[in-house]
Amino acid sequence: MSVLEYVANGLVFSSIIVLASIGLSLVYSIADFANFAHGDTMTVGAYGTLVTFGFVGGLGGTVLGLPYGFFVALVAGIVVAAVVAVVTQRLVYEPLDIGSIGLLITSIGVAFVYRALVRLGFGADPREYAVELQRPIEALLPYGIRMTVHDVAIVGSAALLVTGLHLLLQYTDLGRKMRAMADNPDLARVSGIRTGRIRIWTWLIGAGLAGAGGGFLGLYNNVGPRMGFDILLVVFAAVILGGIGSVYGAMLGGLLIGMIDQMTPILGDVGIPIGTEYSYAIAFVIMVAVLLVRPNGIAGEAGS
Amino acid sequence: MGLLDGYTRAERGVVGFVVLLMLLLTYGLVTGGLGPTYFLYLIGLVGMYVLLSFGLNAQWGYTGLINFSVAAFFGIGAYGTALLSADSSPIAGDMLPVVGLFVGLLVAAIVAVVIGIPTLRLRTDYLAIASLGLAEVIRILVQNQRDYTNGSAGLRGIPGFFEGWPVLETFPQAMPTLIVERLVVTIPFVAEFGLFGFRLGPGFWQGLLNVSLVLVFVGVTYAMLRRVHRSPWGRVLRTIRADEDLAEALGKNTYAFKMQSFVLGSVIMALAGVFYAHLNLYVSPGDFEPINTFYVWIAVILGGSGSNRGAMFGGFVVIAIREGTRFLGDLLPAAFPTLGVPFTDLVVSFPALVENTYATVVSNFASTRLLAVGLIIILVMRFRPEGVLPPQRELIWPAATEGSDPGSEPGARAVSTDGSGANRGGETNE
C-alpha cells in the first residue's frame, strides 16, 4: 500500500474522530468534567440514524453513493443524540452537587445505561445501513488510493459540519457567548450571559456532533452497541493531544490521532514489527506522553 | 433492637441486606436449587471482589487516586500465576502455584511503578483517562502476543492453589464423598416439596479449601490495611486526599506517598487475580476488560470510599448483581405473567408493549445487568455519594476515644486496649 493511501484512510478516520472530539472538548470546557458517556452518545446517534434510515431509506436520488434518505436519517441521528444528551443533563448531571470527579463517575453509569438500552432495543449483533457497497473510485486507483465515494461523503460532510461550527463560534452571538463561557464561566455570568442556556446549547451541539460522528462511524465500520465505547479512548487521546477545552485543538488532535492510527502499517513497512492491532495502543501511549510533556495539549495554554 | 444498638441506620440496613441474602442462599441450599459446590464458588468470588475493593480503597479511598486500571492489575495477577503453573502455558508452566503467587505480585508491583511514574503527577481526571488507556494497552498486548500469552484462547489447565502442598494437595480426594439423600416432605393437602439431595465430592472439598484460602487473604489484607490506615503513613494519605497542597506545605513528598499507595493497592488487586486464576482454573483476555474495573468501582463507591467495611459490603452487592441476575433470568417466566387472565380481557393497547419489554428484559440478562449497574452508579452518586457505609470509626484515632463513654465506640475501643495508642497518636511520622 502506498503512503498516499494511508493518508486517504487517515483522512476518513480523522473526520469521524474530529467530529467526536470537538463535542467532547466542548462539553469538557463548559460542563467541566470528562464525559465518559460521550462514546455511547455516538452509539445513540448511530442507532438513531439506523432506525430513521429504515423508514426513509428510499427517499429521492443519490449523492456520492448515498440516497438522500441517508442524510435525512443522519440529521435524525444528530437530533436524537442531542436530545438524549440534554435530557440526561437535565435529569442526571444538573441535580448533582459533587464536583468533577463525581460527575465523571456518574457519566460512566450514564454510558452503561445508554449501551444497555441500545442492546435491549436492538440486540448485541452488529448491523449495517442498507446502502449499496461501493467499489473504490477508479480515477484514484492509479495513484494507489483505494477510496470509495462513501469515504468522500464522510470527509465532505465532516468538513461541512466543522466549517459550520467554526462560523457559529466566530460570527454568531451564541458562539461568542460559548467562547466567553469556556474561557471564564464566572466572568461570563456577571457579564449578563445566561450561562444555563449556553450550557444547554453546548450539550446540544457537542452531542449532536457526536451523533454525526456515530452515524459516519456506522457507515465506516458497522453499527453495534459497543462501537462508541470502543472508540472513546481514541477520542480522549485526540482531545488531550489538542488541548482539553480547545475546539480548534480538538480538530487538530482528531486529525493527528486519526492519521497516526491509520499510519500504523508504515511501521511494519519500515521494519518495526508492530501490527495494526496495536494502532489504538499507539494512540493511548501518545496520549500519556502528551500529558507528561505538555499537560495542556498542543493548542492549550502553557502552564497550569 | 437490642442487638443492633450503637449502629447507624445505614449499618442496620446493610446488616439486614446481608442477612436477607444469606437467608435466600440458605433457602437455595436447603431446597437443592443451589449446589453447595457452586455456593462455595460464589463465596470465593465475593472474597475476590472484597480483595479488589480493598486494593482500590487503598488508592482511591485513602489517597484519592482515581485509578481506572483495576482490571489490568487483576489480570496481571491472574496471568502471572497462570503462565507459570498452567500446563498449557506457552512460556513456563507446571511450576508451583506459590511461585506463581509471588511472581504475580512482583510483576504487578513493577508494572504499578512503571504506570505510576508517568501518571501519578497528573491531575485527577487526567489520571483516570491515562490509567484506563494504559490498562487497554496491557489488554491489547495480552490479546495479541500469542507466543507469550496464548492470545485470545486464554490459558487452561491451571492447577488448584494447593498443588504441591504436603497435606492440602490431596485433601479433596482424601475426604469421603458424602451423599445427602433427597427428602420429599409432604404437608397433607397443602404442598409437596423436595429438600437437599446433593453429593459432597472432591469438588466440594476443593471449594472449601478455596474459601479458606480467600478468607485468609481477606483477613490478612484487612488487618494490614487497618493498621496501615491508622499509622502516620495512612494519615498522610488522608491528608493528600483531602488537600494535596496542604500535604505539600507540611513538607510531605506527596508523589512518593501516592506511589506507595498505588503500588500497595495494585499488589492487592493482583492478589485477587492470583486467587481467581486458581479458583476459576481458566483465564482469558476478557479478564482485562474495562467493565471489570467499573464493577470494582461500584463496590467501593457503593460501600463508601475509604471504608473497608464498605468495601466488603460492596463486594457482596457486586456478586449479588452479577450472579443474581443470572439466576433471575432462569427463574422468571419468559412471558409476562398474566395470572391466568388472557390478555384480550385486559386493557388492549398497553399489554403488548409491557409484554414485549418484559420479554426483552428477561431474555437479555447481560444487557439488563449492564442497565442495573449503570442505574446503581447514577443513583448512588445522586442520593448517597459518600456511599452506604462511609468511613466513621476508621477515621478516629483509637486514643482519641480512650476514656470516653465505653460502649459508644465499640469498633475503636477494641484496638486500643494496650494503651500504647496514645504514644503513637503524636506526629511521629517517619
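In the nomenclature of an unreviewed UniProt entry, chain A is known as Branched-chain amino acid ABC transporter permease of Salinirubellus salinus. Reading the Subcellular location (unreviewed entry) entry of the UniProt record for chain A gives the comment "Cell membrane". You can read under Sequence similarities (unreviewed entry) in the UniProt record for chain A the words "Belongs to the binding-protein-dependent transport system permease family. LivHM subfamily."

Counting its secondary structure elements, chain B contains 18 helices and two strands. With 430 residues in all, chain B has 50% of them scored as buried. If you sum the accessible surface of chain B, you get close to 19700 Å²; carbon and sulfur atoms cover 66% of it.

Moving on, we come to the packing of aromatic side chains. For any two aromatic rings, the description comes down to two numbers: the centre-to-centre distance and the angle of the planes. All names here are of chain B. What the rule picks out here adds up to 24 aromatic pairs over all chains. Aromatic pair F17 and F313: ring centres 5.6 Å apart, planes at 80 degrees, arrangement edge-to-face. Remark: F313 occurs in helix α13 (residues 308-331) and F17 occurs in helix α1 (residues 9-30); sequence separation between them is 296 residues. Assessed through its relative accessible area of 9%, F313 is described here as buried. The interplanar angle of 55 degrees and the centroid separation of 5.3 Å between the aromatic rings of W60 and W297 together place this pair among those described as tilted. Of this pair, W60 sits in helix α2 (residues 36-63) while W297 sits in helix α12 (residues 290-303), placing them 237 residues apart in sequence.

Our focus in this paragraph is the side chain of A:D40. Note on placement: A:D40 falls in helix α2 (residues 38-56). With residues up to four places along the chain from it excluded, the contact list for A:D40 reads A:A111, A:Y114, A:R115, A:P225, A:G228 and A:F229.

Our focus in this paragraph is the UniProt feature "transmembrane region" (unreviewed entry) in chain A. Residue and element names in this part refer to chain A. UniProt feature "transmembrane region" (unreviewed entry): in the numbering of this structure it lies at residues 6-30, 42-60, 66-86, 98-117, 152-169, 200-219, 231-257 and 278-298. Between the C-alpha atoms that bound residues 6-30 the distance is 35 Å, and the span itself is 100% helix and 0% strand. The span residues 231-257 carries 85% helix and 0% strand; its end-to-end C-alpha distance comes to 12 Å.

Residues and elements named next belong to chain B. The volume enclosed by the second largest pocket comes to roughly 620 Å³. In terms of lining residues, the second largest pocket is bounded by 20 residues, among which L21, L24, L25, G324 and F327 are the most central. Broken down by secondary-structure element, the contributors of at least two residues to the lining of the second largest pocket are α1, α2 and α13. Counted by class, the lining of the second largest pocket contains 14 nonpolar, five polar and one charged residues.

Our focus in this paragraph is the environment of A:E277. Assignment of secondary structure puts A:E277 in the loop between α10 (247-269) and α11 (279-293). As a C-alpha pair, A:E277 and A:T195 span 82 residues in sequence and 44 Å in three-dimensional space. With sequence-adjacent residues up to four places away left out, A:E277 is seen in contact with B:I140 and B:N144.

Residue and element names in this part refer to chain A. A contiguous nonpolar surface patch, about 430 Å² in accessible area, is contributed by V75, V79, V83, V87 and L91. As for its placement among the helices and strands, V83 is situated in helix α3 (residues 68-93). By relative accessible area, V83 is classed as partly exposed at 43%.

Bringing α1(B) into the picture now. All names here are of chain B. The terminal C-alpha atoms of α1, which comprises 22 residues, lie 31 Å apart, in line with the 32 Å expected from a rise of 1.5 Å per residue. For α1, the complete set of buried residues consists of E11, V14, G28 and L29. Projected down its long axis, α1 shows its buried positions confined to an angular sector of 115 degrees, all on one face. The outward face of α1, more than 90 degrees from its buried face, is lined by the exposed residues R9, L20, L23, L24 and Y27.

Each partner contributes residues to the interface: chain B has 43 residues there, and chain A has 39 residues. Across the chain B to chain A interface the summed buried area is about 3600 Å²; carbon plus sulfur atoms make up 82%. Put simply, chain B and chain A have one salt bridge between them. The partner of A:R226 in a salt bridge is B:E289, with the nearest N and O atoms 3.3 Å apart. At the junction of chain B with chain A, the criterion picks out four residue pairs in polar contact (both at pLDDT 80 or more). At the level of secondary structure, the elements contributing two or more residues to the side of chain B that touches chain A comprise α5 (124-144), α12, α14 (349-363) and α15 (365-383) of chain B. Sorting elements by how many residues they give to the side of chain B that touches chain A places α5(B) first, with 14 residues. Grouping the amino acids of the side of chain B that touches chain A by side-chain chemistry returns 29 nonpolar, nine polar and five charged.

About the cut-offs
Residues numbered from 1 in each chain as written. Chains lettered and ligands numbered in written order. Predicted model: local features only at pLDDT ≥ 70, side-chain atom pairs only at ≥ 80, totals over all residues. Heavy atoms only, no water. UniProt positions renumbered as here; feature names shortened; annotations may be inferred. Helix = DSSP H or I, 4+ residues; strand = E, 2+ residues; numbered from the N terminus. Buried < 20%, exposed > 50% of the residue type's maximum accessible area, 1.4 Å probe, protein only. Areas by Shrake-Rupley, 256 points an atom, 1.4 Å probe, with all protein chains shown as cover. Phe/Tyr/Trp six-rings, centres within 6.5 Å; stacked < 30°, edge-to-face > 60°. Contact = heavy atoms within 4.5 Å. 1 Å grid on protein atoms, 1.4 Å probe; cavity = no way out; pocket = protein on both sides within 12 Å on 5 of 7 lines; lining within 4 Å. Points joined across faces, edges and corners; volume = space filled by probe spheres on them. Nonpolar A, V, L, I, M, F, W, Y, C, P; charged D, E, K, R; others polar. Patch = residues over 30% accessible without salt bridge, like charges linked within 9 Å, V, L, I, M, F, W, Y side chains within 5 Å. Salt bridge = Lys/Arg side-chain N within 4 Å of Asp/Glu carboxyl O. Expected span 1.5 Å × (residues − 1). Arc of directions from axis to C-beta. Buried area = accessible area lost by both parts, 1.4 Å probe. Polar contact = N/O pair within 3.5 Å; in protein donor to acceptor, adjacent residues only side chain to side chain.

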